[in-house]
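Listed below, chain by chain, are the residues.
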Amino acid sequence: MSHAPCRLATGGRIDRKKPITFSWEGKTYSGYEGDTLASALIANGIRLVGRSFKYHRPRGILAAGVEESNALVQLGAGGRDTPNMRATEVRLYDGLTAKPVNCWPSARFDVSSVNNLVSRFLPAGFYYKTFMWPDWHLYEGIIRRAAGLGRVSSHADPDRYESRFAHCDVAVIGAGVAGLAAAREAARSGARVLLIEQDQAVGGNLLYDRRIIDGLEGGFWAEKAAREIADCPDADILLNTVAVGYHDHNSLTLVEQVGNEAECARDPRMPRYRTWLVRAKKVILATGAIERPLVFPGNDRPGVMLAGAVRHYAWRYAALPGEKTVLFTNNDDAYRTALTLHDLGATVVAVVDLRTEAPADLAGELDSRSIPLLPGSAIIQTRGSKSLKAVQVRTGQKSRWISCDTLAMSGGYNPTVHLFSQSGGQLRFDDRIASYVPDRSVQDEISVGAARGAFSTGECLAQGFEAGGASSEAIGFPRAAGTAPQSVDRAESPILACWHIAGAGGKAFVDFQNDVSTSDIALSAHESFRSVEHLKRYTTLGMASDQGKTSNVNALAIMASLTGRSVGESGHTRYRFPYTPIALGTLAGRYRGEIFRPLRRLPAHGWHEEAGALFEDFGGWARPACYPRAGEARHDAERREALAVRNGVGLFDGSPLGKIEVKGPDAARFLDLIYANTMSTLKVGKVRYGLMLNEQGVIIDDGVATRLADDHFLVGTSSGGADRIAAWMEEWLQCEWLDFDVIVAPVTTAWGVITVTGPQARALLAKTGTDIDLSALTHMGFAIGRVADIEARVFRVSYTGEASFEINVAARATEALWRILMNQGEEFGVAPVGIDAWDLLRTEKGYLHIGADTDGTTTALDVGWAHIMKKKNEFVGKRSLMRPQDQRTDRPNFVGLAAEDGRTRLPIGAHIVAEDASGTLRSEGYVTSSVFSPTLETPVALGMLRGGRERLGEKVRLRSGDAMFHAVVVDATFYDKEGARLNA
Amino acid sequence: MLLISCPWCGPREELEFRCGGESHIQRPGPCESVSDERWSDYLFTRKNPKGLHYERWLHAFGCRRWFNVARHTATHRIEAVYAMHEPAPIHLEQGNVL
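Just so it is clear, the structure is predicted and the values come from calculations on it, not from any experiment.

Talk me through the overall build of chain B; I want residue IDs and the actual numbers.
A count of helical and extended segments in chain B gives one helix and six strands. In chain B, the succession of helices and strands from N to C terminus is β-β-β-α-β-β-β. Structurally, chain B occupies a C-alpha span of about 45 × 35 × 20 Å along its principal axes. Taken over 98 residues, chain B has a buried fraction of 38%. Taking all contacts inside chain B whose residues are at least 6 apart in sequence as the whole, residues at least 24 apart take part in 48%. When the accessible surface of chain B is split by element, carbon and sulfur atoms take 52% of a total near 5,600 Å².

Listed below in structure tokens is the structure:
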């Protein structure tokens, strides 16, 4: 570790008592608390920080903030390895490890820099045009591997991310001069204020510009204003927080950087980022402005930087980007950099001003410091392979080379209108500052200060003060007495809009990150990609991680001049969410892994767990697929459980089955409309199976309805339909049949359901003890009573084909009853039954499983329910079933399929195929359910087949992959066709 | 994200709601007297305006009540919230252009 050679001995907002050690490209360097990675690199004299995206040209740090396009680094190691972090935004910490991206083996010796030698053969669209023959896809893989910047870690992201909501009266984005004035004024009125700042400190340009506000030094004024804001009980300041999104109705997305890699590695509870979803009554955009580069040949060499950034590093971090600096500008601001550098003891070689008349007062300031001023001049070329060595200046017809190691350029400032644009606001080109400014608002916001094109401190203070007071006043917080803070500014001379300096040849870069040069824009115009949106897609200008923060306006202006339009006429591309790149984890928050969608547990979960159930996710519930015994395979458990039901008795936990109480004078009339079949004729104490359709006639659910009283039904739905069908009923009642006197109450989770099924089911229930007359409770009957002295609703319905008692008890009593039934059932060989066996049993019986046997096109007619069309009243979906297409007899029908050899299980998804007139195999249907029946000892399959009901007995061929199968079309019921067992 | 004023619960985040699409669609019937064209219109034809759109919303993660919203499809401004049985406030369309 060596002493940082470019660090000034004194000054800067860094804590020299807290030195920090970090590693760059494997070497160790030192910095201070308060540094960013970029400022520490500059202090250590590191100029080459990476290679450009396409040509692999050497690049150095360009800017000092979020707009940085070159200094993208791979940060950290292992799972905490993060690509493409902007060095200008990374706060330095002890042990930080970083390296440049897009270069190998190092930034200095990069193998792919050969691209630069052939760069004139690699214009915009080169890849698409060249690799056309015979097929782009042949080349795509190779090209894509060569492209890209950083590398994504292949480890799971170990970081913790959090998210939260916040509400406020006034959200102020940006804690620069205007933002502080606005937030302080709003907070004083008593409004709830949230001041959001992306930097680690408040002040904006006061951090590196010398200003006097209300008689105080600027930085001191900013700190005082921040303290006054923080002292208000309802105001908060969020530092290190970027407002990345401005969405509808004044909602904002903020991303707050909380812990760095090292802190998160030490403390697993420390979030890396916190995402804020903010709703504000008023939004004040004090987002400042971003400096534009000048476009001239060789403007991308390491050492060419934005003038404001050079001043920023020098003043705020006491880090000098170079020893001999040339300024190149078309406006007054760069003069401040020249004066600051000189006053800090650095050498300013010359100030090159494109304007023929330099401002007299600033010229005088330069003169008093003996800094040469070259008005009416331009830089037309630069020299230096890995670092700037000299610039060529042209004045009139003459040109000469000036030796220097840093070129600080300023092409003026672009108001940061990204969030305003995201909010839906329209922009207008303002010739006064040669850039876009907010014009017409759509949402309840106001832009102030530099974000609105007002660059003087006095204007920023006045606009911020006024907006803060007016915004809070408009929502009912009276303004506190007081006047706007004051600052004395010099009058700025007009900017000379200058978009492109045609120089001595070589590429003049517009977009550093995407390597888009003026010649690419010219090519785009030449090939008629002239609209700004086409320009963007054709050249990739304004894409990638910086989203054209420094390049957009220059590019639009160059395109405008090439096509003979004004900049305002050529328009601009739309700014989109997010303002700066964000980690994907910030979008996920804590909703990852097990809590992404937490599984619901059955009321008897504890017992199932003890019994060693294999749990799976069925529609959001953790349900036992089977209960494998020690050493038993899943398939064997399924077979054993199914045979237990057929030969003795089984217990099935059906608690997730949907239960909806429908009550009221119009309940029967309502259910006649909701079900395809009639429910109003159902007798009290009886149960009926029904299908529900949507308006297309498509089956959306099935289940049984029970009439509890004349005006009271219990609607049973499939487990997956529980929430959906309750919502469906509400929608009809609230939106269509408002005159119906019916209430719908979903009670699914209030009840636990234990289905006792099998030839010994009745015996088990009798032994357990019940006051219900079991002999009178016949198939499709219902009774209320007590089972093992627990209050219960008992339904005789069957999904297995065996006599079944579906016992509903209070959810909290479910596990107790389950244990009693298991104990009492020992002598009958009772077995718990999982979903696997359950599905096997219903398939043997040919019972429809909605969503497995049917899909989003299966109508009631397709499954053999033609009788419903005779129903006199209206029902949902009826009119659609009357359409000729729905009446066709060659629609897919629900059928059974028996393997011809009686041995082979047909694969689910296998297509039933037949040759058409041309001899081509066409699908006529497919297998939807298929099992091997341990009871029948044959394979059993269900499926959909065109005109299937008329084809019973027909032999068909099936195809799955390359395998062919043979089957016979049969009735869907394989087991106990007469229903003797379930009626037993 | 929209801020929607549920008539029962007050202003709530959009993610508590579900949009049910265009409102005020007459369900034709009885079905024997409805032509295929009329039925097809009912099922599939929607207005899709650039401007005020009358749509129904459900406060799904709240009171579970449906209500109508008049929302400008370009600006997302919500100009009115009204009950399911109320007619569309078409007077709001006067001068409500982009």
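I'd love a proper account of the sheet that holds strand 4 (residues 52–58) of chain B, names of residues and values included.
Here four strands make up an open sheet; going across it, the order is 3-4-5-6 (chain B) and the pairing antiparallel. Looking at strand neighbours, the two that pair on one side only are strand 3 (18–22) and strand 6 (78–82) of chain B, the edges of this open sheet. This sheet shows a mean twist of 30° between the axes of neighbouring strands, independent of strand direction. Direction of pairing for strand 3 of chain B relative to strand 4 of chain B: antiparallel, over a ladder of three bridges. Bridged to B:E22 within strand 4 of chain B is B:E55. Sitting on the sheet, helix 21 (residues 722–735) of chain A is in contact with strand 3, strand 4 and strand 5 (66–72) of chain B, with an inclination near 75° to strand 5 of chain B.

Tell me about helix 19 (residues 634–647) of chain A, and please be specific about residues and values.
All names here are of chain A. Taking 1.5 Å per residue, 14 residues should reach 20 Å; helix 19 reaches 20 Å between its end C-alpha atoms and fits that length. Every buried residue of helix 19 is accounted for by A637, E638, R640, E641, A642, A644, V645 and R646. On its buried face, helix 19 sits against strand 33 (621–626), strand 34 (650–653), strand 40 (751–757), strand 44 (831–833) and helix 24 (835–845).

I'd like to hear about the nonpolar core, residue by residue, with values.
All names here are of chain A. Counting 88 residues, the largest nonpolar core has L37 and F328 as its most contacted members. When neighbours within four sequence positions are excluded, L37 is seen to be in contact with F22, V73, A87, V90, L92, L96 and A98. Formed by 43 residues, the second largest nonpolar core is a distinct cluster that contains I196, L419, Y436 and A555.

Give a description of the state of the cysteines that names residues and reports values.
This model, assessed by the stated rule, comprises zero disulfides over all chains. The thiol of A:C6 is not disulfide-bonded; the next cysteine sulfur, from A:C404, is found 15 Å away.

Tell me about the packing of aromatic side chains, and name the residues and values.
Residue and element names in this part refer to chain A. Taken as a whole and assessed by the stated rule, the structure comprises 22 aromatic pairs over all chains. For the pair W728 and W732, a centre-to-centre distance of 5.7 Å together with 85° between the ring planes defines the contact as edge-to-face. On the criterion of helical spacing, the pair formed by W728 and W732 is a turn pair, its members being four residues apart in helix 21. Comparing W728 with W732, the two get one shared label, buried. Ring pairing ties together the aromatic residues F670, W728, W732, W737 and F740, which thus form one cluster. The ring of W315 carries the charged tip of R210 above its face, separated from the ring centre by 4.9 Å.

Can you tell me about empty space enclosed by the protein, naming the residues and giving the values?
Residues and elements named next belong to chain A. With the rule as written, the count across this model stands at four cavities of 30 Å³ or more. Its volume calculated, the largest cavity comes out at about 100 Å³. Lining the largest cavity are 13 residues, and of these N414, P415, H418, V553 and Y575 lie nearest its centre. Contributing elements (two or more residues each) for the lining of the largest cavity: strand 25 (413–415), strand 27 (435–440) and helix 15 (552–562). Its residues assigned to classes, the lining of the largest cavity shows six nonpolar, six polar and one charged. Per-class residue counts for the lining of the second largest cavity are five nonpolar, five polar and two charged.

Outline the environment of A:R316, listing residues and values.
Residue and element names in this part refer to chain A. In this structure, R316 sits in helix 8 (residues 307–317). Distance from R316 to G34, taken between C-alpha atoms, is 9.4 Å for residues 282 residues apart in sequence. For R316, the contacting residues outside a window of four places in its chain are G12, R13, I14, D199, Q200, A201, L207, Y208 and R311.

Explain the interface of chain B and chain A to me, and be specific about the residues and the numbers.
Reports often express the size of an interface as the amount of accessible area lost when the parts come together. Listed by partner, the interface residues are 28 residues for chain B and 29 residues for chain A. Taken over both partners, the interface formed by chain B and chain A buries close to 2,600 Å², and the fraction arising from carbon and sulfur atoms is 50%. In terms of surface lost to chain A, no three residues of chain B exceed B:M1, B:R27 and B:C31, which account for 27% of the buried area on that side. When the shortest N-O distance is used, the salt bridge between B:R27 and A:E874 registers 4.0 Å. Viewed at the interface, chain A and chain B are joined by 16 residue pairs in polar contact (both at pLDDT 80 or more). Along the lines of polarity and charge, the residues of the side of chain B that touches chain A split into 15 nonpolar, four polar and nine charged.

Which residues make up the packing of helix 5 (residues 177–188) of chain A against helix 12 (residues 457–474) of chain A, and what values go with them?
All names here are of chain A. Where helix 5 meets helix 12, the axes come as close as 7 Å, and the angle between the chain directions of the two elements is 30°. Comparing the axis directions of helix 5 and helix 12 gives the class roughly parallel. Remark: the crossing between helix 5 and helix 12 carries right-handed chirality. Facing helix 5, whose interface residues are V177, A178, A181, A182, E185 and A186, helix 12 presents T457, C460, L461, G464, F465, G468, G469 and S472. Of the residues contributing to the contact of helix 5 with helix 12, the split by class is eight nonpolar, five polar and one charged.

An account of the pairing of strand 9 (residues 193–196) of chain A is requested, with residue identities and associated values reported.
Residue and element names in this part refer to chain A. Taking every second residue as pointing to the same face, both faces of strand 9 are buried, with V193 and L195 on one and L194 and I196 on the other. Sheet topology places strand 9 next to strand 12 (residues 235–238); four bridges connect them, and they run parallel. Bridge pairing links I196 to L238 in strand 12.

Could you give an account of helix 5 of chain A, naming the residues involved and the relevant values?
Each full turn of the α-helix corresponds to 3.6 residues, which orients residues three or four apart in the same direction. Residue and element names in this part refer to chain A. Over its 12 residues, helix 5 extends 17 Å from the first C-alpha to the last, a length consistent with the 16 Å expected when each residue adds 1.5 Å. Helix 5 sits mainly inside the fold: 11 of its 12 residues count as buried. Buried within helix 5 we find V177, A178, G179, L180, A181, A182, A183, R184, E185, A186 and A187. On its buried face, helix 5 is in contact with strand 8 (160–173), strand 9, helix 6 (218–231), strand 12, strand 15 (271–285) and helix 12. Directly beyond the C-terminal end of helix 5, a positive phi value near 100° is found at G190.

Which residues make up the pattern of salt bridges, and what are the values?
Residues and elements named next belong to chain A. In the structure shown here, the tally under the stated rule is 75 salt bridges over all chains. Residue R13 pairs with E223 through a salt bridge whose shortest N-O separation is 3.4 Å. Here E223 lies in helix 6 and R13 lies in the segment before strand 1 (15–24), a separation of 210 residues in the sequence. Residue R646 pairs with E802 through a salt bridge whose shortest N-O separation is 3.0 Å.

Break down the confidence of the model for chain B for me, citing the residues and quoting the values.
With 96% of its residues at a pLDDT of 70 or more, chain B has an overall mean of 94. In the predicted assembly, ipTM is 0.97 and pTM is 0.90.

Just give me the short version of the sheet that holds strand 22 (residues 390–395) of chain A, but keep the residues and values in it.
All names here are of chain A. The sheet built from three strands is open, its strands ordered 21-22-23 with antiparallel pairing. Of all the strands in the sheet, the pair left with one neighbour each is strand 21 (377–383) and strand 23 (398–403). Recorded for the sheet is a direction-independent mean angle of 25° between the axes of neighbouring strands.

Describe in detail the side chain of A:Q422, supporting the description with residues and values.
Position of A:Q422 among the secondary structure elements: in helix 11 (residues 418–422). Aside from chain neighbours lying at most four places away, what touches A:Q422 is A:V244, A:G245, A:Y246, A:R574, A:Y575, A:R576, A:F577, A:P578 and A:Y579.

Reading the values: rules and limits
- Residues numbered from 1 in each chain as written.
- Chains lettered and ligands numbered in written order.
- Predicted model: local features only at pLDDT ≥ 70, side-chain atom pairs only at ≥ 80, totals over all residues.
- Heavy atoms only, no water.
- Helix = DSSP H or I, 4+ residues; strand = E, 2+ residues; numbered from the N terminus.
- Buried < 20%, exposed > 50% of the residue type's maximum accessible area, 1.4 Å probe, protein only.
- Contact = heavy atoms within 4.5 Å.
- Areas by Shrake-Rupley, 256 points an atom, 1.4 Å probe, with all protein chains shown as cover.
- Pairing = 2+ DSSP bridges.
- Axes fitted to C-alpha atoms, helices over the stretch in contact; angles between N-to-C directions.
- Expected span 1.5 Å × (residues − 1).
- Core = buried A, V, L, I, M, F, W, Y, C linked by side-chain atoms within 4.5 Å.
- Disulfide = S-S within 2.5 Å.
- Phe/Tyr/Trp six-rings, centres within 6.5 Å; stacked < 30°, edge-to-face > 60°.
- Lys NZ or Arg CZ within 6 Å of the ring centre and 35° of its normal.
- 1 Å grid on protein atoms, 1.4 Å probe; cavity = no way out; pocket = protein on both sides within 12 Å on 5 of 7 lines; lining within 4 Å.
- Points joined across faces, edges and corners; volume = space filled by probe spheres on them.
- Nonpolar A, V, L, I, M, F, W, Y, C, P; charged D, E, K, R; others polar.
- Buried area = accessible area lost by both parts, 1.4 Å probe.
- Salt bridge = Lys/Arg side-chain N within 4 Å of Asp/Glu carboxyl O.
- Polar contact = N/O pair within 3.5 Å; in protein donor to acceptor, adjacent residues only side chain to side chain.
- Parallel < 35°, antiparallel > 145°, perpendicular 65-115°, else oblique.
- Left-handed = near helix turned anticlockwise from the far one by under 90°.
- pLDDT = per-residue confidence, 0-100.

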